[in-house]
Structures are given as structure tokens and as C-alpha cells.
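# Close look at the chain arrangement
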Amino acid sequence: MNISNILKTVNGYVWGGGLIFLLLSAGLIYTVKLRFIQFRMFSFLIKGRNSGNAEKSGTGISQLKTVTSSLGTAMGTGNIIGVASAIAIGGAGSIFWMWVSAFFGMALVYAENYLGILYRHKEKGEWLGGAVSYLKYGVGSDVLAVMFSVFCVLASWGMGGMVQSNSIGNALSEFGFGKYLTAFLVFLTVFAVISGGIKRIGSATQIIIPVLTGIYIIISLIIIINHRERLGAVFGEIFSSAFDFKSAGGFAVSVGIRRGIFSNEAGLGSSSIMHSACEKSEPSVQGMWSIFEVFLDTIVCCTLTALVLLVTDTLDINTAFGGNIFINISVILFAFCTITGWYYCGETSFRHISGGKYIKQYRFVFSLIVSLGAVFSLEDVWTLSDIFNGLMAFPNILALIFLCGKVKR
């Protein structure tokens, strides 16, 4: 058995029924406990409680930078390439299960960010929190905190780094860039941004994410409207094949949930790391904004990608969007934001492992490892990314269940 088959076997065990059951069960528990908080997110944010009642800590980054940085970790290749691969493997029904994972994931991500703020602490003048903090100080288990940190660092190299730079390499090759030149450019730009810490990362994402997301939504809607006669059949196919377990739909549940989590990261604990850097210290505010991020990432953007592919009856992204220029630019920018956002998640976890030492060296190593993704074939890295995502989720979900009583309505 070669290494690829071994990795696929391990991935099958990690993402077996146990983890999916844990994720959905924890999401259901919090959905009931928080009285279907998913439906109250917009009224909370519109009333201005995101700014008026939230106490500022005096340090950290602004709410806008926090949201765009967190969205940056999520709005990557999962929204485009990940959706296409989900449909290719699990059929149109996988989109239904992406919706399910997102719905319950909204309640999970609220809990993650509530606890991430509740247990955050300062280290050398910076806020550090998220899953590492509530595992260590909430659950009281440094072992689980270290386990999560190790898996998070590895996930930041894989899913958050090499997978994204490989997508950048494929996109830039359409413009005549060689893979080694791309790797060099990725190294330089990533290192330049992450050397400025979370504030520079936030400054970059607050420019790129809102503009790019808005353009992507508008273009997707135009394509869908132009093929609106197909919408009825497409939704019928999504719902019917979601429960057709004798065909490709048999893979729809696992693929849909995995790709949903790959896209929005609900249940992994990474979002809570980003939000813990915010200057606003009210836990419910960060929880509500994180619900919005999952909604925008999966319910809006992933759904639009899926509908464009299905109404145009193709799994080729460039064909569906009528050309490769827009998609390639979108992939490059989304992937770059994902890399920088995941760097901060990995750095925070590395700080816990190393005791706050060797951060400058870690930035160099991270940039180098990420740049290699533009050079190598990444089939095995995709599989490894799935594995590390799942391994991150286990201690995080256990902490969410254990600390359920700490999360208030």
C-alpha cells in the first residue's frame, strides 16, 4: 500500500461516523440551548449592539479587521474549487449537506468565539485566546491544548498554506508565470504581510475581502439570473440526490460536511483565534459576527458557486464563469487572504507550544513551507489537510460540550 492509499485510509477513519456525529450533535445541542440563535443574528447586528454595548479593551484590532481577517481564513479555495470537487464526488446532494453543516456550524462557531473571548489572556501586550485558551483555562487540560496547537500548526501549513499557494500557482500559470517564480513571489508577499502581525494582516484583508466578495456575488447572481429557467430543476436535484444513498449521493453526507467545514471552519476552533484579537471584549458580539461569517461564506458564497456550476451544467469553474481571468484573480486574492489568516492561527498555537519563543523564525519557516505548495503536486496534501482538520475538531468539540454551561444566551 503506497502513501496515498495510507493517507486516504487514515482520512476515512478520522472523518468516519464518529466525528460527523460529534459535530452535528454538538451543533444541535447549541442550537437548542441558544434557542435557534442563527435566526437572530441579523437583528442583533442591525440594532447596533455590535458597537454600542461592546466594551473596548484598549488593545487589539478593530471589529472590521477582525471580521475580514476571520473571513480571510475561510474565503479561500473552498468557496470555489472545494464546491466543484464536492459536487464531482458527492453529486449535487453534497450542497444540501454543506447547508446542514453550516446551519449547525453557526451555533458551534458562536460558542467557540464566546468562549474564546471569555478565556482570552494577554501575552507581551497582545490578546491571545481561542480554542487553545478555553482548552487550557476552561477545560483545565494543557494536554488537549497542546494537541490542538500541534494539529492547528500542521493545518495552517497544509489547508491554510500549501493548498492555497498551489491554487495561486495554478491560477498564475494561466498568466504565464512559472511555478518557481510563483513560489518566490508567494514567499516574499506572505512574509512581508505576516511580519507585521495581526494588525498588518487585518489591514490587508479589510481592503481585499469586502470588494472581492461583493464582485464575486454580483457576477454569480448575473450568471444565475441568465439561466434562471434551470433553477427549479437544480434545486430539485440538490434535494433528491442528498438522500439517494445508492448513487453518488452515498458520499454526499461526508463530502458535503467535510467541504462545508473546509470552507467555513465551524467546529475547528480557528475562527475563535482570530476573533480573540479584537479590541472589543463582549463575547456575544464576537459570537454573532462569527455566525454572520459562516452565513456569508457557506450559505451565500458556496451556494452561489454551486448554483452557477449546476445551472450552466459544468464542473469547470472557468467555463461556468465565462472565462478564466476573473476566477483566477479571485482564487489568487482569496487564497492569499486565507494564507495570512491561517498564519495567525498557526502562530498563536505555536506560541503556546514554544512558550512565545522563536516567532520570527517561525514566520520565515511558515512562508517557506507555504511557497513550496506552488511547486509540488498536492493531492496528498489535500488529504493531509482533511486529516488535520478532523484532528483539530476532536479536542475543540469536546471542549465545547464540556463548557456548554459557560455559554450564555
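Residues numbered from 1 in each chain as written. Predicted model: local features only at pLDDT ≥ 70, side-chain atom pairs only at ≥ 80, totals over all residues. Heavy atoms only, no water.

## Here we look at the overall build of the chain
- When helices and strands are counted, the chain shows 18 helices and 2 strands.
- On C-alpha atoms alone, the chain measures out to a radius of gyration of 20 Å, which is about the 22 Å that the 2.2 N^0.38 rule sets for 409 residues.
- Seen through its principal axes, the chain has C-alpha atoms that stretch 55 × 50 × 50 Å.
- Across the 409 residues in the chain, those meeting the buried criterion constitute 60%.
- Partitioning the intrachain contacts of the chain with sequence separation of at least 6 by distance along the chain shows that 87% fall at a separation of at least 24. (Helix = DSSP H or I, 4+ residues; strand = E, 2+ residues; numbered from the N terminus. Rg over C-alpha atoms; globule rule 2.2 N^0.38 Å. Buried < 20%, exposed > 50% of the residue type's maximum accessible area, 1.4 Å probe, protein only. Contact = heavy atoms within 4.5 Å.)

## Regarding helix H1 (residues 3-14)
- Taking 1.5 Å of rise per residue, the 12 residues of H1 would be expected to cover 16 Å, and the 16 Å separating its terminal C-alpha atoms lies within 8% of that figure.
- All of the buried residues in H1 are Ser4, Leu7, Asn11 and Val14. Buried residues of H1, viewed axially, fall in a sector of 85°; they line one side. (Expected span 1.5 Å × (residues − 1). Arc of directions from axis to C-beta.)

## Looking at the state of the cysteines
- Scanning all chains against the criterion turns up 0 disulfides.
- Left unpaired, Cys278 is separated from the closest cysteine sulfur, that of Cys345, by 15 Å.
- When its relative accessible area of 0% is taken as the criterion, Cys278 is described as buried.
- The thiol of Cys345 is unpaired, and the distance to the nearest cysteine sulfur, on Cys152, comes to 5.4 Å.
- On the basis of relative accessibility, which here comes to 0%, the residue Cys345 falls in the buried class. (Disulfide = S-S within 2.5 Å.)

## Some thoughts on a nonpolar patch on the surface
- On the surface, a cluster of nonpolar side chains totalling about 760 Å² of accessible area is made up of Phe175, Phe177, Leu181, Phe184, Leu185, Leu188, Ile325, Ile329 and Leu333.
- The element best represented in the nonpolar patch is helix H9 (residues 179-194), accounting for 4 residues.
- Structurally, Leu188 can be placed in helix H9.
- Judged by relative accessible area, Leu188 falls into the partly exposed class, the value being 40%. (Patch = residues over 30% accessible without salt bridge, like charges linked within 9 Å, V, L, I, M, F, W, Y side chains within 5 Å. Areas by Shrake-Rupley, 256 points an atom, 1.4 Å probe, with all protein chains shown as cover. Salt bridge = Lys/Arg side-chain N within 4 Å of Asp/Glu carboxyl O.)

## A word on the nonpolar core
- Counting 123 residues, the largest nonpolar core has Tyr30 and Ile238 as its most contacted members.
- With 16 residues, the single largest contributor to this core is helix H6 (residues 93-118).
- Apart from the residues lying within four places of it in its own chain, the contact partners of Ile238 are Ala92, Gly93, Ile95, Phe96, Trp99, Leu307 and Leu310.
- Membership of the second largest hydrophobic core comes to 5 residues, among which are Met162, Val163, Ile369 and Trp382. (Core = buried A, V, L, I, M, F, W, Y, C linked by side-chain atoms within 4.5 Å.)

## Points about the side chain of Asn113
- Here Asn113 shows up in helix H6.
- The exposure class assigned to Asn113 is buried, which follows from its relative accessible area of 1%.
- Among the polar contacts made by the side chain of Asn113, one reaches the side chain of Ser271 at a distance of 3.2 Å.
- A polar side-chain atom of Asn113 sits 3.1 Å from a polar atom in the side chain of Ser290.
- The contacts of Asn113, once residues within four sequence positions are left out, are Ser271, Ser272, His275, Pro283, Gln286, Gly287 and Ser290. (Polar contact = N/O pair within 3.5 Å; in protein donor to acceptor, adjacent residues only side chain to side chain.)

## Observations regarding unusual backbone geometry
- For Phe36, which is not a glycine, the phi torsion comes out positive at approximately 50°.
- By the element assignment, Phe36 lies in the loop between helix H2 (17-33) and helix H3 (41-46).
- On the accessibility criterion, Phe36 (41% relative accessible area) is partly exposed.

## Details of the pattern of salt bridges
- Considering all chains together, one arrives at 2 salt bridges under this definition.
- Between Arg351 and Glu347 there is a salt bridge whose closest N-O contact spans 2.9 Å. Linking Arg351 with Glu347, this pair stays in helix H16 (residues 325-354), spanning 4 residues, or about one helical turn.
- Judged by its relative accessible area of 9%, Arg351 is buried.
- Residue classification places Glu347 among the buried residues on the basis of a relative accessible area of 2%.
- Look at the salt bridges and you will find they share partners, linking Glu347, Arg351 and Arg363 into a network.

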